[in-house]
Amino acid sequence: MFLPQLLKKSATGEKLAVLTCYDASFARCMARAGVDILLVGDSLGMTVQGHGTTLPVSLEHMIYHTAAVVRGAEGLFTMADLPFGSYQESPAQALAASTRLLAAGANMVKLEGGAVMVDTVAFLSQRGIPVCAHLGLLPQSVNQTGYRAQGRERKAAEQLIKDAAALEAAGAQMLVLEAIPTLLATEVTQLLRIPTIGIGAGPHCSGQVLVLHDAIGLTGKPPRFARNFMPEAADIETALQAYVHAVKAGTFPGPEHETPA
Ligand code: KIV
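All of the points below concern the structure found in this document. (Residues numbered from 1 in each chain as written. Predicted model: local features only at pLDDT ≥ 70, side-chain atom pairs only at ≥ 80, totals over all residues. Heavy atoms only, no water.)

Bringing the nonpolar core into the picture now. Ranked by size, the top nonpolar core spans 71 residues in total, and within it L38, L101, L175, L177, V188 and Y243 carry the most contacts. Here L175 is in contact with C132, A133, H134, L135, A164, V188, L192, I194, P195, T196 and I197, once residues within four sequence places are set aside. (Core = buried A, V, L, I, M, F, W, Y, C linked by side-chain atoms within 4.5 Å. Buried < 20%, exposed > 50% of the residue type's maximum accessible area, 1.4 Å probe, protein only. Contact = heavy atoms within 4.5 Å.)

Structure representation (structure tokens):
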């Protein structure tokens, strides 16, 4: 599936169900479960490689996992994270890294950051590369912010709204909102034409994303915004189907998964 079909689906009001995916077997399972977007997230630094952060993940690692995911679920929309250090230096550096992820089969790249990324987003999107921006909690900035909810103070919320509008104007075609209050995510979603994909951002985004390992109970101490779908499921595929169904029906996330205002 290419981006226009996905955007059309989202425009009908159908919520997009997104999961992180790092290999071919899970990609096949997610395709059968009806997941809309596979995100080859740099969270693989933690879930697959055992690091404490996403920072050690290299472009080579992302290419390897993207190619594996695409082999497993050819035809399913796949988004790949630009890893830390592969795009922040210049738009040209981001183009070189994105080119390699698209050559590995990704349909879209995701990058973290607000105003500072506007020129890069414009540069990539003018060259045929679909870009998903990422605002709120930015795991690649953990050394500055820690893993803390963002956008809770008025000034920070206003800045996030400005950043979202600027990224969309620059050509971003999707926006991940991580760990921000529901009200702020709702305002951003209403303001933008592009889909917003929430994680810890309340139920009113255009879609939801979860880290696979949180969704199937493999994370020791999952974040408050995550839900383990395994206890009520007979097997992993059924759990992933339940996730997709809950997102589409608007029953996940619930109030207990929201980021406090
Ligand atoms: O890498 C990742 O898993 C992500 C999600 C948290 C959105 O970027």
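Moving on, there is more to tell.
Turning to its location among the elements, T66 is positioned in helix α4 (residues 59-72). Under the relative-accessibility criterion, T66 is labelled buried at 0%. A distance of 2.6 Å separates a polar atom in the side chain of T66 from the backbone oxygen of M62. Sequence-distant contacts of T66, that is, excluding residues within four places in its chain, are made with V40, A80, L101, A104, G105 and A106. (Helix = DSSP H or I, 4+ residues; strand = E, 2+ residues; numbered from the N terminus. Polar contact = N/O pair within 3.5 Å; in protein donor to acceptor, adjacent residues only side chain to side chain.)

What follows is about the sheet that holds strand β1 (residues 16-20). Strand order in the closed barrel formed by eight strands is β1-β2-β3-β4-β5-β6-β7-β8, with parallel pairing between adjacent strands. Across the sheet, the axes of successive neighbouring strands diverge by a mean angle of 25°, strand direction being ignored. Here strand β5 (residues 131-136) runs beside strand β6 (residues 174-178); their pairing, made up of five bridges, is parallel. Following the sheet pairing, L135 is matched in β6 by L177. Sitting on the sheet, helix α1 (residues 3-11) touches β1, β2 (37-40), β3 (77-81), β4 (108-112) and β6, and the angle it makes with β1 is about 125°. Helix α8 (residues 154-170) rests against β5 and β6 of the sheet, and its axis sits at about 175° to β5. (Pairing = 2+ DSSP bridges. Axes fitted to C-alpha atoms, helices over the stretch in contact; angles between N-to-C directions.)

The contact between helix α2 (residues 24-33) and helix α11 (residues 236-249) brings their axes to 9 Å, and the two run at 50°. Judged by the inter-axis angle, α2 sits oblique to α11. Crossing handedness for the pair α2 and α11: right-handed. Judged by residue contacts, F26, C29, M30, R32 and A33 of α2 engage I236, E237, L240, Q241 and V244 from α11. (Parallel < 35°, antiparallel > 145°, perpendicular 65-115°, else oblique. Left-handed = near helix turned anticlockwise from the far one by under 90°.)

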